[in-house]
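One-letter residues, chain by chain:
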Amino acid sequence: MHTWYLSVLIMRRFWMETIVMKKWVLPKKRETFWGVVKGVVKVLSGNYGSVRVDFSHPFSLKEYIQRNASTSMMSDDDLPDTPSPTGIGNAADTPSPMDTSNAGDVPSPTNISKAGSCSSLYGTDIVIEDQRQSIEGVAEHVLYYSVQSQSLMCTNLVAFLLLTKYREGTTVKQLIRDIDWLKGELRFRKRDVGFVGETSEVLEYAMELLTENLVIKVGDNNIKPCTELPQIKPCTELPQIKPCTELPQIFELSYYANPVLSVFLLESVLACSVIFHCDIDMSSVTKQKKDVTANREDILTTAQSLCKLLKYDFIFCPPCKRLEEELADALDELVTSEILRVQEDDTGCGDQHQKWARSLSATVSWDDDEDNEAFDEQMLKVNVHRSDCFNKLLFLYRVLAPILESYYLTALHISRDLAVELPEDSFIHILHNHAKKRVEKKLASFAESAALSTIKNAVKGFEDSNIVNVYYAGNVRMMELRDHYTVWNKLNYYLDLLESLRN
């Protein structure tokens, strides 16, 4: 009896080892010529819609290099207004988020820190630093304007609206109205769309391309794919359309929505800064009755801190412009759209003259420090008494909310798990598994916060902020929390900031 049982165990172990060997040890089966042909035919016969390609205005690379070379020969004291190639200052030269006393007096640094490559030493030891900065500046310039010149397709608009405004679902009629509204916002911001025709036809076509796995129709106590929509005329009478927020479908839907993020990027950063300083609970905005105000300089300083943290996810401004000025202009747009109001004072200055006054002060050689200080200390009030303005603020907040949730989880794990050094791969693996479990348990506000690419960029952002130290131990990249008295101040600042933006 024991001999028979032992034989069964041996055969079972041999069978399991054979399966493992076939699955993991044996090389991949070589593809045949006809298999490749079938794959190509399958791809070419699929329906992927249409895309319009636009080319942005060309610029002279020679002039760009000459201007960069001439500015690099000047001293830092002669260049107070020269932006860094990333549009965001170096972490070593930028004051800490907690040091807000002189943040408005420090200009954008002209140099950026040297970033080592994970796979090659080329670019750190061979290429001259000035050349590396020029190449990086050209690359970011091209990337920024390629994004700005991209034509947004109907699938981009539908996916963006479903993820930012209608995660719980909406009627087709309301979605058609919002597509028209979003098209108007894009034209106002000088962005183009790559489709024409009646909005009802465009919506039906977009939902066919997004397929039933990404967008579903809810009605009559059942769920039907959106590809089963009837003809165009009855389309406005259908029940509800809602996005699929399960993993991994939410990642694909986010991929369609991401091109629209750049349109509202700076305004979304400023909206998050306003929410943080005004301590607004976005889950109960209708209950907000009392007036809330925030200092203009504080809003801009926090917005710059967010831009610095998110620099690996977005390019906020081209290298030829200053981030501070771009944020200030975007803040004026929030005032113009009446989301924010300037608190009344005794001066009686009108809001329409603010942008003109700042432009005038930037062009003249002399500058009145007292006037600039008074302008920076201007108090801005959130227009809480108008539901349409609060809805705009909520919309702008939701543009970046999923990404900020990923950064919050990263900061939380850094404070908990990096008390001792860990391999970078292990830390990211633990963090990614925790993010996915939160989505499975319905604890995450946004399922796309579990995206691995965003988590990796968050780790890079905290490393660039001098909170996390990454070094090599042999061939393994190790991570540890920096041993410095200011590190916990920075980390707690970001934890408070990101936690206030979770609701």
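Rules used in this analysis
- Residues numbered from 1 in each chain as written.
- Predicted model: local features only at pLDDT ≥ 70, side-chain atom pairs only at ≥ 80, totals over all residues.
- Heavy atoms only, no water.
- Pairing = 2+ DSSP bridges.
- Helix = DSSP H or I, 4+ residues; strand = E, 2+ residues; numbered from the N terminus.
- Axes fitted to C-alpha atoms, helices over the stretch in contact; angles between N-to-C directions.
- Parallel < 35°, antiparallel > 145°, perpendicular 65-115°, else oblique.
- Left-handed = near helix turned anticlockwise from the far one by under 90°.
- Contact = heavy atoms within 4.5 Å.
- Nonpolar A, V, L, I, M, F, W, Y, C, P; charged D, E, K, R; others polar.
- Salt bridge = Lys/Arg side-chain N within 4 Å of Asp/Glu carboxyl O.
- Buried < 20%, exposed > 50% of the residue type's maximum accessible area, 1.4 Å probe, protein only.
- Phe/Tyr/Trp six-rings, centres within 6.5 Å; stacked < 30°, edge-to-face > 60°.
- Patch = residues over 30% accessible without salt bridge, like charges linked within 9 Å, V, L, I, M, F, W, Y side chains within 5 Å.
- Areas by Shrake-Rupley, 256 points an atom, 1.4 Å probe, with all protein chains shown as cover.
- pLDDT = per-residue confidence, 0-100.
- Core = buried A, V, L, I, M, F, W, Y, C linked by side-chain atoms within 4.5 Å.
- Domains from an automatic or database assignment.

Q: How do you make sense of the sheet that holds strand β7 (residues 379–382) when you look at a structure like this?
A: Sheets are built from strands paired through backbone hydrogen bonds, the pairs being either parallel or antiparallel. Pairing is antiparallel across the open sheet formed by three strands, whose spatial order is β5-β7-β6. The open sheet terminates on both sides in strands that have one partner only, identified here as β5 (293–295) and β6 (340–342). Going from strand to strand, the sheet's axes swing by 35 degrees on average, the running direction of each strand aside. Pairing between β5 and β7: three bridges, direction antiparallel. Following the sheet pairing, Thr 293 is matched in β7 by Lys 381.

Q: Can you help me understand the pairing of strand β9 (residues 468–473) in this one?
A: Walk down a regular strand and you will see the side chains alternate between the two sheet faces. In the sheet, β9 pairs with strand β10 (residues 476–481) via six bridges, with the strands oriented antiparallel. Paired with Val 470 across the two strands is Met 479, which belongs to β10. Between β9 and β10, which pair antiparallel in sequence order, lie two residues; one of them, Gly 474, sits at a positive phi of approximately 75 degrees.

Q: Looking at this model, I keep getting lost on the packing of helix α14 (residues 387–417) against helix α15 (residues 424–440). Mind explaining?
A: Relative orientation and spacing of two packed helices are given, respectively, by the angle between their axes and the distance between those axes. The contact between α14 and α15 brings their axes to 11 Å, and the two run at 125 degrees. The angle between α14 and α15 places the two elements in the oblique class. Considering the relative orientation of α14 and α15, their crossing is right-handed. Where α14 abuts α15, its residues Glu 405, Leu 409, Thr 410, His 413, Ile 414 and Asp 417 lie against Phe 427, Ile 430, Leu 431, His 434, Ala 435 and Arg 438.

Q: When you look at unusual backbone geometry in this model, what are you seeing that I'm missing?
A: What you tend to see is this: most non-glycine residues have negative phi, and most peptide bonds are trans. Here Leu 247 and Pro 248 are connected by a cis peptide whose omega angle stands at 0 degrees. Structurally, the position occupied by Pro 248 is in the loop between β4 (240–243) and α8 (249–257). Despite not being glycine, Lys 190 has its phi angle at roughly 60 degrees, a positive value. Along the chain, Lys 190 falls in the loop between α6 (172–188) and α7 (199–214). If you check the backbone angles, Glu 338 has positive phi at about 70 degrees while not being a glycine. One can find Glu 338 in the loop between α11 (323–336) and β6.

Q: Just checking my understanding: could you explain the packing of α7 against α8 for this structure?
A: Interhelical geometry of α7 versus α8 gives an angle of 160 degrees and a closest axis separation of 10 Å. The orientation of α7 relative to α8 falls into the category roughly antiparallel. In this structure, the crossing between α7 and α8 has a hand that is left-handed. Of α8, the residues touching α7 (which contributes Leu 209, Leu 210, Asn 213 and Leu 214) are Gln 249, Glu 252, Leu 253 and Tyr 256. For the contact of α7 with α8, the residue count by class is five nonpolar, two polar and one charged.

Q: Honestly, the sheet that holds β9 in this entry has me stumped. Any pointers?
A: The antiparallel open sheet is built from three strands, whose spatial order is β8-β10-β9. In this open sheet, the two strands that pair with only one neighbour each are β8 (422–423) and β9.

Q: Just to check I follow, could you spell out the pattern of salt bridges for this structure?
A: When their charged atoms lie close together, side chains carrying opposite charge are able to pair. A complete count under the given rule lists 14 salt bridges for this structure. Its salt-bridge partner being Asp 464, residue Lys 308 comes within 3.5 Å of it at the nearest N-O pair. You can see Lys 308 sitting in helix α10 (residues 296–309) and its partner Asp 464 sitting in helix α16 (residues 452–464), a full 156 residues away along the chain. The pair formed by Lys 308 and Asp 464 is uniform in burial state, with each residue classed as buried. With a closest N to O distance of 2.2 Å, Arg 386 and Glu 338 form a salt bridge. On the criterion of sequence distance, the pair formed by Arg 386 in the loop between β7 and α14 and Glu 338 in the loop between α11 and β6 is long-range, its members being 48 residues apart. The partly exposed category is assigned to Arg 386, whose relative accessible area is 33%. Residues joined in a network through salt bridges with shared partners are Glu 185, Arg 189 and Glu 267.

Q: Got a minute to help me understand the packing of aromatic side chains in this structure?
A: Each aromatic ring pair is summarised here by two numbers: the centre-to-centre distance and the angle between the ring planes. All chains considered together, the criterion is met by 12 aromatic pairs. With 5.2 Å between their ring centres and 85 degrees between their planes, Phe 264 and Phe 395 make a pair best called edge-to-face. Remark: Phe 395 occurs in helix α14 and Phe 264 occurs in the loop between α8 and α9 (265–278); sequence separation between them is 131 residues. Each member of the pair, Phe 264 together with Phe 395, is buried.

Q: Can you walk me through a nonpolar patch on the surface in this structure?
A: Judged by side-chain polarity, Phe 59, Leu 61, Ile 65 and Val 142 come together as a nonpolar surface patch covering roughly 320 Å² of accessible area. Among the structural elements, Phe 59 can be located in the loop between α2 (33–44) and α3 (61–72). Residue Phe 59 is classed as partly exposed on the basis of its relative accessible area, which comes to 35%.

Q: Looking at this structure, how should I read the pairing of β7?
A: Sheet topology note: the β6/β7 ladder contains three bridges and is antiparallel. Looking at β7, one finds that Val 342 is bridged to Leu 380.

Q: How should I be thinking about the confidence of the model for the chain in this particular structure?
A: For residues with low pLDDT, the predicted coordinates do not support detailed interpretation. For the chain, per-residue confidence averages 75 on the pLDDT scale, and 68% of positions sit at 70 or higher. The model gives residues 346–351 a pLDDT under 50, and that stretch makes two contacts with residues more than four places away or in other chains. Taken as a whole, residues 362–368 scores under 50 in pLDDT and shows three contacts with residues more than four places along the chain or in a different chain.

Q: Would you take a moment to explain the nonpolar core for this structure?
A: Grouped burial of nonpolar side chains is what soluble globular proteins tend to show. In terms of nonpolar packing, the biggest core is built from 112 residues, with Val 382 and Phe 462 touching the most fellow members. Looking at which domains feed residues into this core, each of domain 1 (150–219 + 237–260) and domain 2 (400–501) supplies at least three. For Phe 462, the contacting residues outside a window of four places in its chain are Leu 309, Tyr 407, Thr 410, Ala 411, Ile 414, Ile 467, Val 468, Tyr 494 and Leu 498.

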